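# Results of the structural survey
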Amino acid sequence: MSIEIRNITKSYPGYTALDDISLSIRTGELIALLGPSGCGKTTLLRIIAGLETADKGSIILEDKDTTNLPAREKNVGFVFQHYALFRRLNVFDNVAFGLNVRPSSQRQSKSEIRDRVMHLLQLVQMEWAVKRYPSQLSGGQRQRIALARALAVNPKVLLLDEPFSALDAKVRLELRRWLRKLHEDIHVTSIFVTHDQEEALELADRIVVINKGKIEQLGSPQEVYDHPANAFVYNFLGNVNVFQGRIRNGKVVIGDHPVDTPHLLDGHEEKNGQAFIRPHEIGVSRIRSSESDLVGKIRDIRIMGSQIGLELETTGFEKLIEAEIPRDTWRNLQLNRGDEVFVTLNKVKVFTGDYEI
Ligand SMILES: Nc1ncnc2c1ncn2[C@@H]1O[C@H](COP(=O)(O)OP(=O)(O)O)[C@@H](O)[C@H]1O
Ligand SMILES: [Mg+2]
């Protein structure tokens, strides 16, 4: 089912939580709403679900204006951040709940319900807990049950509000991949709210980056990561070095170092800009590869897994530069703390103007 969000605005006394949000979500899409805490993600999800009313705007589900419909009339499944299970029902009955309360004419037989519930518990890897009560489960396990329960009734739209944020990193990663696969199988139109950029990048077909109740950018993970629309998005999507720079004669100058950019910037007026360089877009070498290489010294080395983090002190830059290089490169170069290296800035993106981060 497609979702059309039109000009949704929501204010609390003295505070605009959502400021004219419009967004079209295609049938079968998995969209991530990504933004910092307090930016309005939950509010938007609750409005779509019919748990909250907007001051202005409308929510269209598959050509039907559902703005004023209550949640129970919307065939929407949801898993919220702190959505409690029914404490007095065991896991089986929690997952079966939506199936058991259907009018008898639509209700499946007991054995069909049982099969469906067991299938869902298997999907969320919780079959072993079928007889347990919510109080006997960890927060993460409860969220998996909540997900199974939301899916039980075959919702046309699935809304997930940071469902994995209580899980430890490894389980969280597994469930993220599992959810992606599940989505490819069942293709239910889904909105996944998260403040974790990695989760959004890995999971979503498209990402909506939100800040202070407004959409900053909408695009595929690759688009928003490789072509951030502004400084906020650049900063929010992953590690980045930020330097204060000047734009002089169409060139970017950081400290006293002119930086190679793919093209000259417009205008000759000198102005301030912020230069963004991602750690993995920095090359490190023992030999100079270009005139514009910086001369740097390795201040610190961090083993991060397949990548190695380097802290580089360079002449002309006011701050240390953080670089990330593949482990193999690091091994081949035999780099040690204190070594002198040549530093290549492969991709520098500059934003000018008064954009506030
Ligand atoms: N019921 C409410 N009354 C007053 N302010 C609220 C209420 N619900 C949310 N807010 C405020 O609206 C903003 C957005 O909240 P929320 O949608 O929960 O953000 P997010 O989910 O992105 O962290 C926050 O500043 C929050 O404090
Ligand atoms: Mg929230």
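Residues numbered from 1 in each chain as written. Chains lettered and ligands numbered in written order. Predicted model: local features only at pLDDT ≥ 70, side-chain atom pairs only at ≥ 80, totals over all residues.

### Re the pairing of strand β14 (residues 271–277)
Along any regular strand the residues' side chains alternate between the sheet's two faces. The element β14 is largely enclosed, with a buried count of five among its seven residues. Across seven bridges, the pairing between strand β11 (residues 241–248) and β14 is antiparallel. Bridging from a neighbouring strand, valine 242 pairs with phenylalanine 276 of β14. In the sheet, β14 pairs with strand β20 (residues 349–352) via four bridges, with the strands oriented antiparallel. Within the sheet, the bridge partner assigned to glycine 273 lies in β20 and is threonine 352. (Buried ≥ 20, exposed ≤ 12 C-beta atoms within 10 Å, placed from the backbone. Helix = DSSP H or I, 4+ residues; strand = E, 2+ residues; numbered from the N terminus. Pairing = 2+ DSSP bridges.)

### Description of the packing of helix α3 (residues 110–123) against helix α4 (residues 139–152)
One can describe the packing of α3 onto α4 by two numbers: an axis separation of 9 Å at closest approach and a directional angle of 140°. The angle between α3 and α4 places the two elements in the oblique class. Remark: the crossing between α3 and α4 carries right-handed chirality. Here Arg116, Val117, Leu120, Leu121 and Leu123 of α3 come into contact with α4, specifically with Ala148, Leu151 and Ala152. Considered class by class, the residues forming the contact of α3 with α4 number seven nonpolar, no polar and one charged. (Axes fitted to C-alpha atoms, helices over the stretch in contact; angles between N-to-C directions. Parallel < 35°, antiparallel > 145°, perpendicular 65-115°, else oblique. Left-handed = near helix turned anticlockwise from the far one by under 90°. Contact = placed C-beta atoms within 7 Å. Nonpolar A, V, L, I, M, F, W, Y, C, P; charged D, E, K, R; others polar.)

### Structural notes on the domain arrangement of the protein chain
As far as domains go, the protein chain holds domain 1 (3–234) and domain 2 (241–352). Taking only C-alpha atoms, the centre of domain 1 and the centre of domain 2 are 40 Å apart. (Domains from an automatic or database assignment.)

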